[in-house]
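# Inside the fold
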Amino acid sequence: MEDIIPLNAFEDNSEIVDYLRKSRLFGHLSEDVLEQLVPLSEFVEYPEGTKILCEGQDNDRVYFLIQGEVGIFVGDDPILRLKRKGDIFGEMSVISSKLCSATVVAKTPVTVFSIMARGVGKYSDLKGDDMQNFFYRVFAMVLTEKLSLTTNKAQQYELTNRLLNQTKKSLEQKIIEQQKAEEKRVQLEAQLKHSQKLEAIGTLAGGIAHDFNNLLFAILGYISMAKDDLPEESMIREDLEE
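Everything quoted here is computed from the prediction, not taken from an experiment.

With antiparallel pairing, the four strands of this open sheet are ordered in space as S2-S7-S4-S5. The sheet is open, and its two borders are formed by strand S2 (51–53) and strand S5 (77–82), each paired with just one other strand. The sheet shows a mean angle of 30° between the axes of neighbouring strands, direction not considered. Alignment of strand S4 (residues 70–74) against strand S7 (residues 103–106), held across four bridges, turns out to be antiparallel. From the neighbouring strand, Val 70 faces S7, where its bridge partner is Ala 106.

Structure below.
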């Protein structure tokens, strides 16, 4: 891709100057340095699907994401997606002076801020070593922020994992309690059924005994009447009494 030089590169560009002054990455630089970066800088908008950088391509720009999302591919394999404002790409090919090792594609309409690093000496008074040192400082700041962000995410993950483990243990305890309650319920149901069986047997036995008593009452009644009709010395009377 050819160098994109804005038409007003040599004029005062208040939008770029304002961005540089307010940026967390460039705001610490002196006004002299910021002013010399202006002709090397520009805002560019890319429609969705645009290949901003191509693998194997020579690159002289460092890009800072302003808005949107880009995907980074090695071959056809996606390896990373950038969507955080200030995310940086293209820096490794600039620092190493090697061809791009990945392709960067706009996944949505994107706006980027870029600095033409190899324009040093053509459009500003900055020397190559000064620009390289500047980019090293910028990259160090970006890496520090990413490390801090990663650390915070790791801490959040650890906290979330701890809460999940506590919740898991609580759920397991409740499940155990429910299982014990279920076992107790089953035992009580078995005891109730056993009691109901005993009650049924008792009711049946009571009915049988009542019917048998009725038979005995009739038998004893007739025996008593038979004895009354026999003389005292009768052998039959003794048998009836027995």
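Right, let's talk about the environment of Ser 114 for a bit. With respect to the element layout, Ser 114 can be found in strand S8 (residues 110–116). Exposure remark for Ser 114: the relative accessible area of 1% places this residue in the buried category. Through-space distance from the C-alpha of Ser 114 to that of Val 44 is 7.6 Å; in sequence the pair is 70 residues apart. With sequence-adjacent residues up to four places away left out, Ser 114 is seen in contact with Leu 40, Ser 41, Glu 42, Arg 61, Val 62 and Tyr 63. Within the structure, the side chain of Ser 114 is placed 2.8 Å from the side chain of Arg 61, a separation counted as a polar contact.

Right, let's get into the nonpolar core. Residues Tyr 19, Leu 20, Phe 26, Phe 64, Phe 113 and Ile 115 are the most contacted members of the largest nonpolar core, which totals 19 residues. Of all the secondary-structure elements, those providing two or more residues to this core are helix H1 (14–22), helix H2 (31–37), strand S3 (61–67) and S8. Tallying contributions element by element places H1 first for this core, with four residues. By size, the runner-up hydrophobic cluster in this structure holds 16 residues, among which are Val 44, Leu 53, Ile 72 and Cys 100.

Before going further, it helps to spend a moment on the sheet that holds S8. Spatially, four strands are ordered S1-S8-S3-S6 in an open sheet, and the strand pairing comes out antiparallel. Each end of this open sheet is capped by a strand with a single partner; those strands are strand S1 (41–46) and strand S6 (88–89). Pairing of S3 with S8 involves six bridges; the strand directions are antiparallel. Bridge assignment links Phe 64 to a residue of S8, and that residue is Phe 113.

Here we come to the pattern of salt bridges. Counted under the stated rule, the structure contains six salt bridges. Arg 61 is the partner of Glu 42 in a salt bridge, and the nearest nitrogen-oxygen pair spans 3.5 Å. Of the two residues, Glu 42 sits in strand S1 while Arg 61 sits in strand S3, which places them 19 residues apart along the sequence. Note on Glu 42: relative accessible area 8%, which makes it buried. Of the charged contacts, one joins Glu 189 and Arg 185 as a salt bridge, the two residues approaching to 2.3 Å between their closest N and O atoms. Taken together, the residues span about one helical turn, with Glu 189 and Arg 185 both in helix H4 (residues 128–228) at a distance of four residues. Glu 189 sits in the partly exposed class, given a relative accessible area of 37%. Taking relative accessible area as the criterion, Arg 185 reaches 38% and is therefore assigned partly exposed. Connected through salt bridges with shared partners, the residues Glu 182, Arg 185 and Glu 189 form a single ionic network.

The rules behind these values
Residues numbered from 1 in each chain as written. Predicted model: local features only at pLDDT ≥ 70, side-chain atom pairs only at ≥ 80, totals over all residues. Heavy atoms only, no water. Pairing = 2+ DSSP bridges. Helix = DSSP H or I, 4+ residues; strand = E, 2+ residues; numbered from the N terminus. Axes fitted to C-alpha atoms, helices over the stretch in contact; angles between N-to-C directions. Buried < 20%, exposed > 50% of the residue type's maximum accessible area, 1.4 Å probe, protein only. Contact = heavy atoms within 4.5 Å. Polar contact = N/O pair within 3.5 Å; in protein donor to acceptor, adjacent residues only side chain to side chain. Core = buried A, V, L, I, M, F, W, Y, C linked by side-chain atoms within 4.5 Å. Salt bridge = Lys/Arg side-chain N within 4 Å of Asp/Glu carboxyl O.

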